[in-house]
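Analysis of the macromolecular model
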Amino acid sequence: MKKGRMFYKTFIPILVLGIGLVVSFGSYIYLNTTHSVIERVANSKQSFISQTKNTLEQKIQTIEYAFNTYSTTSSFESVVKNPITEQDFEAYRNVNTQLNYIATMGLEGTEYSLISLDQSWKISDGKLSYLTDNDRKNLYETYINGQDRGLFWMKTNNGIRFVNTLPVFSKKKQAIALSDISLQTLDHTLKTEENTPVFILNKQGDLMYETGPDDKRLTREQLQGILASIGTEHRTGMVTISSPKSQSVKAIYSRSTYNNWIYVTLLDQKEISGALVTTKFGLIMMGLVITVFIIVIAYLISVYFNKPIQQIQRSLPKNSHSSFKNEVEWILHSIDTIVTEKENLESLIEAELPQLETQLILNLFRNRISPEELERIMPRFGYEKIRDPRYVTMLIQMDSYGDREASDKDLLLLAINKIIEEIVPKESRLLPIILNDKTQATILVFAGSNEQEIRKQVLDDAKAIMKTVREYLKVSVSFGISQTYEHLWESREACEMSKQALHHRLNLGKESIIFYEDISMVVSGPVLLHYPAELESQLFDAIRLGDEEQVPRFLYPLLAQMMTKNKNSMNFEVALVRFVNNLIQLEQLLGVEVLMTQDNHALYHRLLDIRNPEEIERILVQEVILPMVKSMKEKTNQQFRSLSEKIAAIVRAEYDQELSLEWIADRLHYNPNYLSSIFKKEFGMTFSEYVMNYRLEMAKKWLIETDMTIKDIAERLQYHNSQNFIRSFRKKEQVTPGSYRKVKQAQ
């Protein structure tokens, strides 16, 4: 499985830290071990050089003591002051014996010599020889002159030489005792190993003896450095000096308390390395094992700590996170995104909570929610569980829209819904909702109340709502109230109860508060249907004539009888349907289109759904009957105008003929009286008056334009007596026909 960046960010630091600890711990152990090994080897070297010092110092002390003792004897003085020749065998033997004695006390292979400066002889290695003046001079310059000591050691080409000028405590030296220790003797005495260097320095820092491999020889500068580093305080110890190869060299030293000689040996790095081989191997193996262990531990820890991250990754959307530095950054970004989306969703839910709560109440009324779901969902909307709850469903419908249009009913319902929210306390109800396009619904909640108390409280709330709606919205409403019930999932049945209660508004009128238990106690039985047929016939006659004045005289009594004499709402609905059906038949006979328009095609359903008598009356009057009357009135007026124009046309064409309304009625196939009435209605005068006026107009025209006599004009206009014509003309024009002609012709 591919590891993420966080895995390696956890694994690598743990691995580096672990390996760092291993290296640090191993280095610490190695350094401590190296220090211990160096200390152990140094102690061994210190013991070795101290032992070497003690061994050589003991022999040297013996030689010095022997010569010093010998120099104080009387035989010494007699010997060094007397010349010794080959014949003085006794003296020679005594000196040689004494030298052999000293040799037995000192180092084997050491050559002892005694030189008499006064008598110029020398006995060395059992041989007697004589000194020349030059030899004596050299001896004085080498061993006596310029020397502040009578006893000292010096380096020779073959080893070291002990010089003792005798007598020791006398400034006048008579003899010189020499002890030459060869290099072989020193090597044998010191018993140095082949690779172990040993250096002996006198107190002045001069190299008295050295042994060991050539590559471990020290330069004079290094020896002086050792002497400078040691000083005069420490007798034993270790100092570090630089080497020609720029590598430091550790020197182990031991200072003699006898003659302040310094015995030096070097700390062999190979020996130290050899002692550390096992340690190195052990540390390397231990480091490898611990490193492998740390790798395993780091892997397990990284897997363990990254397992939750991987689980979170698998839970998050599978989008690419290559643009992020690591999984944690991506996860944090995803969490921020989720938190933001959650906040947005919470805000959205907060905004949509009323809609969700509304849907919950609708589901209650539609019986689409189970008791288990209801018990789980209700607390989410802030409804606390109450003990012994009782519920009542209250439906509200508007009786009328007041001075508003029907299109405003949705806004009015919303306003009523808001009023209920303000009047009824929140703890006493569920969320009020708009049940449909004409009904508002509210579930009232009561805890531990009896039926009487509940009824009183519901009635008080309904009255308060009704009063507020009337004052602020200027509309009237009615209430249908169900019986009480124990469980919310019974709200659907309660809603049906409230609807049935609202149906009885037809008999009770507007602003009714109807409890279901009240109407359920009404005894049902056969009730005769009352239908005012005579009033309907009179109403239909007025509609046919388009008589707007006569229609109200018959319509309102007809509706009043239908409502008041049909106590049962079902009978009223049957009578209402019959009346609407008769109106439709009348419309078809008259040839008008009112009820068949798109607005009124569902008139049956509208009237049956509206339980307000006043609203039913308003719809029938304003939207059905009056439009029919107006339509018939327009249609009748057009017919009257057409007939009147036909009559007038006949008069204008045949004014000089015998004309009568009866003759025209017969000609047009109408009743004379009917024609007389519509002609007078259209022209505002009777038929006779219209004929007379037209003939007089023609008479005026002829009087002006022709030379016809008045008698001829009267006859032409169907006046049987010219005097009648003159009388009629004077009555209308206030002048006789003759005078009228004179006046008009004179103009």
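See the structure printed just above.
Described in the following lines is the structure provided in the data block. Just so it is clear, the model here is predicted, and its values are computed rather than measured.

**Some words on the sheet that holds strand β7 (residues 198-201)**
Strand order in the open sheet formed by 5 strands is β8-β7-β11-β10-β9, with antiparallel pairing between adjacent strands. Among the strands making up the open sheet, the edge pair consists of β8 (207-211) and β9 (236-242). Strand after strand, the sheet turns through a mean of 25° between neighbouring axes, direction not considered. Where β7 meets β8, 4 bridges bridge the pair, whose relative direction is antiparallel. Bridge assignment links Leu201 to a residue of β8, and that residue is Leu207. Here helix α5 (residues 183-190) sits on the sheet in contact with β7 and β8, set at roughly 65° to β8. The strands touched by helix α6 (residues 220-230) are β7, β8, β9, β10 (248-255) and β11 (262-266); relative to β9, the strand with the most contacts, the crossing angle is about 135°.

**Overview of the sheet that holds strand β3 (residues 127-130)**
Ordered by their spatial adjacency, 6 strands build an open sheet running β3-β2-β1-β6-β5-β4, and the pairing between neighbours is antiparallel. At either end of the open sheet lies a strand with only one pairing partner, and these are β3 and β4 (151-155). Between one strand and the next, the sheet's axes are offset by a mean angle of 20°, whatever the strand orientation. Summarising the sheet, strand β2 (residues 121-124) and β3 pair through 4 bridges and their orientation is antiparallel. Bridging from a neighbouring strand, Lys122 pairs with Ser129 of β3. Most of the contacts of α5 go to strand β6 (residues 175-182), to which it runs at about 65°, and overall it touches β1 (110-116), β5 (159-166) and β6.

**Structural notes on the packing of aromatic side chains**
Under the definition given, this model contains 12 aromatic pairs. When the centroid spacing of 6.2 Å and the interplanar angle of 45° are considered together, the rings of Tyr655 and Trp702 count as tilted. Within this pair, whereas Tyr655 is found in the loop between α19 (613-653) and α20 (661-668), its partner Trp702 is found in helix α22 (residues 687-705), the two being separated by 47 residues in sequence. Residue class for Trp702 comes out buried when judged on its relative accessible area of 8%. Ring centres 6.1 Å apart and planes at 45° place the aromatic pair Phe725 and Phe729 in the tilted group. Residue Phe725 and its partner Phe729 are located together in helix α24 (residues 722-733), separated by 4 residues, close to a single helical turn. Looking at Phe729, the relative accessible area reads 1%, which means it is buried. A network of ring pairs unites the aromatic residues Phe679, Phe683, Phe687 and Tyr690 as a single cluster. When the ring centre of Phe515 is taken as origin, the NZ or CZ atom of Arg455, which lies over that ring, is 4.0 Å away.

Rules used in this analysis
- Residues numbered from 1 in each chain as written.
- Predicted model: local features only at pLDDT ≥ 70, side-chain atom pairs only at ≥ 80, totals over all residues.
- Heavy atoms only, no water.
- Pairing = 2+ DSSP bridges.
- Helix = DSSP H or I, 4+ residues; strand = E, 2+ residues; numbered from the N terminus.
- Axes fitted to C-alpha atoms, helices over the stretch in contact; angles between N-to-C directions.
- Contact = heavy atoms within 4.5 Å.
- Phe/Tyr/Trp six-rings, centres within 6.5 Å; stacked < 30°, edge-to-face > 60°.
- Buried < 20%, exposed > 50% of the residue type's maximum accessible area, 1.4 Å probe, protein only.
- Lys NZ or Arg CZ within 6 Å of the ring centre and 35° of its normal.

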